[in-house]
Amino acid sequence: MNKLVLYNTLSRTKEEFKPIEDGRVGMYACGPTVYNYAHIGNLRTYIFEDVLKKTFRLFGYDVRHVMNITDVGHLTGDGDDGEDKMGKAAREKNKSVREIADFYTSAFMNDIGELNIDKADVICKASEHIPEMIDLIRRIDENGHAYVSDGNVYFSIDTISDYGKLACLRLDDLQSGKRVGIDSAKRNPNDFALWFTKSKFQNQAMKWDSPWGVGYPGWHIECSAMSMKYLGEHFDVHCGGVDAIPVHHTNEIAQSEAATGRKWVNYWLHGEFLLSEKGKMSKSSGEFTTLASLKQAGISPIAYRYFCLQSHYRKQLQFSLDALKGCQTSLNALHDRMDRIIESASRCQTLSEEETGALNALKDEFAGYLGDDISTTRAVSLLNKVISNPSLSDLVKMRFAEYADSVLSLDLLAKRERVSDDIPQDVRLLAEERLKAKASKDFAAADDLRDKIRASGYSIKDVPGGYELLKN
Ligand code: AMP
Ligand code: ZN
């Protein structure tokens, strides 16, 4: 069996993965702040986490995956400054915070479904875990790591000796680099809020009672409280995007270890940014690409997944529509090849001894790439080599694709409909969406999609088990 080696941000080295409990992995991933659509940069991080989770499974682990939904407490500035993101969106869109949260949570779930990202075993909302957060703040306070100032409860980073260990931060640099006067209530400018009662946001929509008065939690405390509730006070893996390292994850570690007095998480994994032409793609800039806009440009969600998997998660990835179009073309070709392989492989049922040996060696090579810090780049390239290798039988190729797709999730074995090669991708996508709408009995949406297909110059005919697309 191959080793599973992962790059741990905490040690800045690749380490062999050793679970706390034999055969099991507890994994926490920071989820979305649901004040807007996820952009494809955010989705790159969730694709990476999905591959990580499926790699654990490939290596025989039983994974418990927990993800939060941030629907309270995340301010526009990481240093407890700015406005509550949820409140701001609600005000701008003239909706309640709950309506905003529900709408964007369901849009997010839809996006991850289309990207073949497995749902977490536990999806927990910050707003439903306020008592757990209050309990944790109380423990931090009892251990002497918190103070109340100007009505708010702050974490005192000077009370712990290893603040900033994840990001390799030096406290001297931090203090001299920070603007003075951001929050005069803080003893150290890098202290962070655990609970707000009195703040700049008098109109905060969601408020709860607490031992420190009516208010709402700081952003970081939710991840500590919910991960401990569902995974225990010491667990295996915590992940997110690299932007979380210097503040959010640094503060999560400080407060969790201050509360329990012991090490919190063993392995920290971080996905690098997706870059737009202007640098890091971000929601706050207002200019970002969503999965829906990619679909409008004729790029399927799985082609985006394929695009992400071709590069390593710890490398920045430059987004370009041209590159994605190229990916869509090669994914279509891969799917067409797979369809022919499946058709031919279904005629032969058993593998010879020689074929079994070849298949096992290929599986081993594939697992070896993923086991080497999730090298999807090499795993995808092996898949392409196998599928186009004329000396391998179609049955070996199909069995290998089955194995590879348990992690890559590129719909290699999905039942696809027959469409002729000259049908444009956007029309194919409309047809796929119509198929899904029909399957979920949303006939109004299905009719609407048929009209759109017609308006694009094609007609769709229902045939047993699927559809056929024809040019008008
Ligand atoms: P948010 O919804 O803003 O809390 O972010 C959700 C996740 O996406 C977090 O793990 C972020 O670290 C990550 N993220 C934010 N921007 C990018 C980006 N441009 N590329 C990749 N991941 C990102
Ligand atoms: Zn978090």
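See above for the structure.
Residues numbered from 1 in each chain as written. Chains lettered and ligands numbered in written order. Predicted model: local features only at pLDDT ≥ 70, side-chain atom pairs only at ≥ 80, totals over all residues. Heavy atoms only, no water.

Focus on the packing of aromatic side chains
Here is step 1 of the chain: All chains considered together, the criterion is met by 18 aromatic pairs.
Here is step 2 of the chain: Aromatic pair Phe 17 and Phe 56: ring centres 4.9 Å apart, planes at 55°, arrangement tilted. Remark: Phe 56 occurs in helix α1 (residues 40-58) and Phe 17 occurs in the loop between β2 (13-16) and β3 (24-29); sequence separation between them is 39 residues. Comparing Phe 17 with Phe 56, the two get one shared label, buried.
Here is step 3 of the chain: Taken together, the ring pairs in this structure connect Phe 17, Phe 56, Tyr 61 and Tyr 267 into an aromatic cluster.
Here is step 4 of the chain: The ring of Tyr 147 carries the charged tip of Arg 187 above its face, separated from the ring centre by 3.9 Å. (Phe/Tyr/Trp six-rings, centres within 6.5 Å; stacked < 30°, edge-to-face > 60°. Helix = DSSP H or I, 4+ residues; strand = E, 2+ residues; numbered from the N terminus. Buried < 20%, exposed > 50% of the residue type's maximum accessible area, 1.4 Å probe, protein only. Lys NZ or Arg CZ within 6 Å of the ring centre and 35° of its normal.)

So, the coordination of the zinc ion (ligand 2)
Here is step 1 of the chain: Only Cys 30 (SG), Cys 223 (SG), His 248 (NE2) and Glu 252 (OE) from the protein coordinate the zinc ion (ligand 2), and they sit 2.1 to 2.4 Å from it.
Here is step 2 of the chain: For the zinc ion (ligand 2), the four donor atoms in the first shell make angles of 72 to 129° at the metal, so the coordination geometry reads as irregular.
Here is step 3 of the chain: Look at where the donors of the zinc ion (ligand 2) fall in the sequence and you get C-x192-C-x24-H-x3-E. Separated by four residues within a single helix, His 248 and Glu 252 lie in helix α7 (residues 245-260), roughly one turn from each other.
Here is step 4 of the chain: Look at Glu 252 and you get buried, because its relative accessible area is 0%. (Donors = N, O, S within 2.8 Å, 3.2 Å for Na, K, Ca; no water. Tetrahedral: all angles 85-135°; square planar, octahedral: opposite > 155°, others 65-115°.)

Here we look at the pairing of strand β6 (residues 146-149)
Here is step 1 of the chain: In this sheet, strand β7 (residues 152-155) lies alongside β6 in antiparallel orientation, the contact comprising four bridges. Bridged to Val 148 within β7 is Val 153.
Here is step 2 of the chain: The turn joining β6 and β7, which pair antiparallel and follow one another in sequence, is formed by two residues; a positive phi near 50° is taken by Asp 150. (Pairing = 2+ DSSP bridges.)

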